[in-house]
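Now for the letters of each chain:
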Amino acid sequence: MTQDQILQALRNVQEPDLGSDIVTLNMVKDLSVNGDDVSFTIVLTTPACPMKDLMKNASINAIRLLVNKEANVTVNFTANTSSVRKDTGAILPKVKNIIAVVSGKGGVGKSTVSANLALALSQGGAKVGLMDADIYGPSVPIMFGVRGERPKMMDNGDKGLIVPLERYGIKLMSIGLLVDEKNAVVWRGPMASSAIRQFVTDVFWDELDYLVIDMPPGTGDIHLTLMQTVPVTGVVVVTTPQDVALADAKKGIAMFGQAQIKVPIIGIVENMSYFTPAELPENKYYIFGKEGGKRLAEEYDIPFLGQIPLVQSIREGGDKGVPIMMTDDAVSKAAFEEFAGLAARSIAMRNANFAATRVVEVVA
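The rules we used
- Residues numbered from 1 in each chain as written.
- Predicted model: local features only at pLDDT ≥ 70, side-chain atom pairs only at ≥ 80, totals over all residues.
- Heavy atoms only, no water.
- Helix = DSSP H or I, 4+ residues; strand = E, 2+ residues; numbered from the N terminus.
- Rg over C-alpha atoms; globule rule 2.2 N^0.38 Å.
- Buried < 20%, exposed > 50% of the residue type's maximum accessible area, 1.4 Å probe, protein only.
- Contact = heavy atoms within 4.5 Å.
- Areas by Shrake-Rupley, 256 points an atom, 1.4 Å probe, with all protein chains shown as cover.
- Lys, Arg positive; Asp, Glu negative; His and termini not counted.
- Charge placed at Lys NZ, Arg CZ, Asp CG, Glu CD.
- Arc of directions from axis to C-beta.
- Phe/Tyr/Trp six-rings, centres within 6.5 Å; stacked < 30°, edge-to-face > 60°.
- Lys NZ or Arg CZ within 6 Å of the ring centre and 35° of its normal.
- Pairing = 2+ DSSP bridges.
- Axes fitted to C-alpha atoms, helices over the stretch in contact; angles between N-to-C directions.
- Core = buried A, V, L, I, M, F, W, Y, C linked by side-chain atoms within 4.5 Å.
- Parallel < 35°, antiparallel > 145°, perpendicular 65-115°, else oblique.
- Left-handed = near helix turned anticlockwise from the far one by under 90°.
- Nonpolar A, V, L, I, M, F, W, Y, C, P; charged D, E, K, R; others polar.
- Right-handed = clockwise from strand over helix to strand, strands pointing away.

On to the overall build of the chain, then. Within the chain, the secondary structure is distributed over 10 helices and 15 strands. A compact globule built from 364 residues would reach a C-alpha radius of gyration of about 21 Å, and the chain, at 22 Å, matches this within 12%. Oriented by its inertia axes, the alpha-carbon framework of the chain measures out at about 70 × 60 × 40 Å. Per-residue burial over the chain gives 50% buried out of 364 residues. Nonlocal contacts in the chain, meaning residues at least 24 apart in sequence, comprise 73% of its contacts between residues at least 6 apart. Total accessible area on the chain stands at roughly 16,800 Å², and carbon and sulfur atoms take up 49% of it. Each charge class in the chain was averaged separately, 35 positive and 40 negative side chains, and the resulting centres sit 3 Å apart.

Structure follows, in structure tokens:
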């Protein structure tokens, strides 16, 4: 066997999302051939790629079918998270993807989805940060068990920077880490917007594959401020199945589709899709309606990223400061892992097919 024969065989292995083979896409590295032993590394576009097993099996089959049926094939994986950011001298230069998690209304579990999305991406091998942009109702300190903790400062040349807290392997920043939780944040819009700019420009996020931003409900000042400050890679829309939530989710989709903003929608995730009692894990009770989020995704031709069940342990984990991704609840973890994998896949496809999002300069 020769390296050229192996590479020729691997040209038959497609990267499902990018529409080309793994050799043409330069995803094959460290190829080694020694007798009947073959080893190489496939460089994924994201550590959380849900297609890695498919590509591994296809690679082994291609080599045994086209080169040597006795070959001992070892396929390793590494990841170089894709990004379309070219503004490396601008704000957050070491952050590859900035993902805003939004909803048209409150109460749909957006913070729970944001927290567990960040954790699932991190557990897949990515470097992840979570920014709580809900100035008036911050949830991150409670959900991650860091109530009362305060971030430290560091010198960065002529400017001091806030060092985000780290918990469960991800970096965290929230107004709730700077203000006593018993006090209300009674600020006008410009002050809240200024805080969001500081969370972006004055926090030492350093190198990240994904910065997940838990946005406040609605379509207001803070959303516009974020779009005017950094080039957001894309948006994940959270909804629940009932019509009243879907109606508001449509407003969120419409906001980011406006010509002045034009931020891609990575996908829609349906939270609280059905209730599953712990003692009857196979049962599904559609309390808030059935598959409303899926129908919304089909209506707008947007990727559907999955359904998250309404499970008591998810709520309990958030209240105790131990998100469901850090527990042994296999059913709920599987739902979030599938969602995170599909989101990472959708981000990689977005980066392969669309130019970088521009910072919004003027919104009339």
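This part takes up unusual backbone geometry. Despite not being glycine, Tyr168 shows a phi value in the positive range, around 55°. As for its position among the elements, Tyr168 is in the loop between strand 10 (165-167) and strand 11 (170-174). Even without being a glycine, Glu291 presents a positive backbone phi close to 60°. Following the sequence through the fold, Glu291 ends up in the loop between strand 14 (265-270) and helix 8 (292-300).

Now for the environment of Ala334. Its location among the elements puts Ala334 in helix 10 (residues 330-353). Under the relative-accessibility criterion, Ala334 is labelled partly exposed at 38%. Through-space distance from the C-alpha of Ala334 to that of Ile308 is 9.4 Å; in sequence the pair is 26 residues apart.

On to helix 8. Within the sequence span of helix 8, burial applies to Gly292, Gly293, Leu296 and Ala297. Across the axial projection of helix 8, the buried residues extend over an arc of 140°, all falling on one side. Exposed residues pointing more than 90 degrees away from the buried face of helix 8 are listed as Glu298 and Glu299. On the buried face of helix 8, the contacting elements are strand 13 (234-239), helix 7 (243-257), strand 14 and strand 15 (304-307). Phi turns positive one or two residues past the end of helix 8, at Asp301, with a value near 55°.

A word on the packing of aromatic side chains. Counted under the stated rule, the structure contains 3 aromatic pairs. With centroids separated by 6.1 Å and ring planes inclined at 40°, the aromatic side chains of Phe144 and Tyr168 adopt a geometry described as tilted. Taken as a pair, Phe144 in the loop between helix 4 (140-143) and strand 8 (152-156) and Tyr168 in the loop between strand 10 and strand 11 lie far apart in primary sequence, 24 residues in all. Overall, the relative accessible area of 25% leaves Tyr168 in the partly exposed class. Of note, Lys52 hangs over the ring of Phe77, and the distance from its end group to the ring centre comes to 5.7 Å. Seen from the ring of Tyr274, Lys284 lies directly overhead, with NZ or CZ sitting 4.6 Å from the centre.

The next thing to look at is the sheet that holds strand 10. Overall, mixed pairing links the 8 strands, which are arranged 10-11-7-12-6-13-14-15 in an open sheet. Each having just a single partner strand, strand 10 and strand 15 make up the two edges of the open sheet. Here the strands of the sheet are splayed against their neighbours by 25° on average, with no regard to which way each runs.

Moving on: the nonpolar core. For soluble globular proteins, nonpolar side chains are generally found buried alongside one another. In this structure, Met131, Ile135, Trp205, Leu226 and Phe256 are the most contacted members of the largest nonpolar core, which totals 43 residues. Beyond its immediate chain neighbours, meaning those up to four positions away, Ile135 contacts Ile175, Val185, Trp187, Ala192, Ala195, Ile196, Phe199 and Ile222. Listed in part, the 42 residues of the second largest apolar core include Ala118, Tyr210, Ile314 and Phe336.

To continue, consider the packing of helix 1 (residues 3-10) against helix 2 (residues 52-66). Direction vectors running N to C along helix 1 and helix 2 enclose 120°, while the axes themselves pass 9 Å from each other. Between helix 1 and helix 2, the angle is such that the two are oblique. Relative to helix 2, helix 1 is oriented so that their crossing is right-handed. In this structure, helix 1 contributes Ile6, Ala9 and Leu10 to the contact, and helix 2 contributes Ser59, Ala62, Ile63 and Leu66. Classifying every residue of the contact of helix 1 with helix 2 gives 6 nonpolar, 1 polar and no charged.

Buried residues dominate strand 14, accounting for 6 of its 6 residues. The sheet contact formed by strand 13 and strand 14 spans 5 bridges and is parallel. When the bridges of strand 14 are listed, Val236 appears paired with Gly267. Between the parallel pair strand 13 and strand 14, the chain is carried across by helix 7, and the sense of this crossover is right-handed. In this structure, strand 14 lies alongside strand 15, joined through 3 bridges in parallel fashion. Counterpart to Val269 in the pairing with strand 15 is Gly306. Handedness of the strand 14-helix 8-strand 15 crossover: right-handed.

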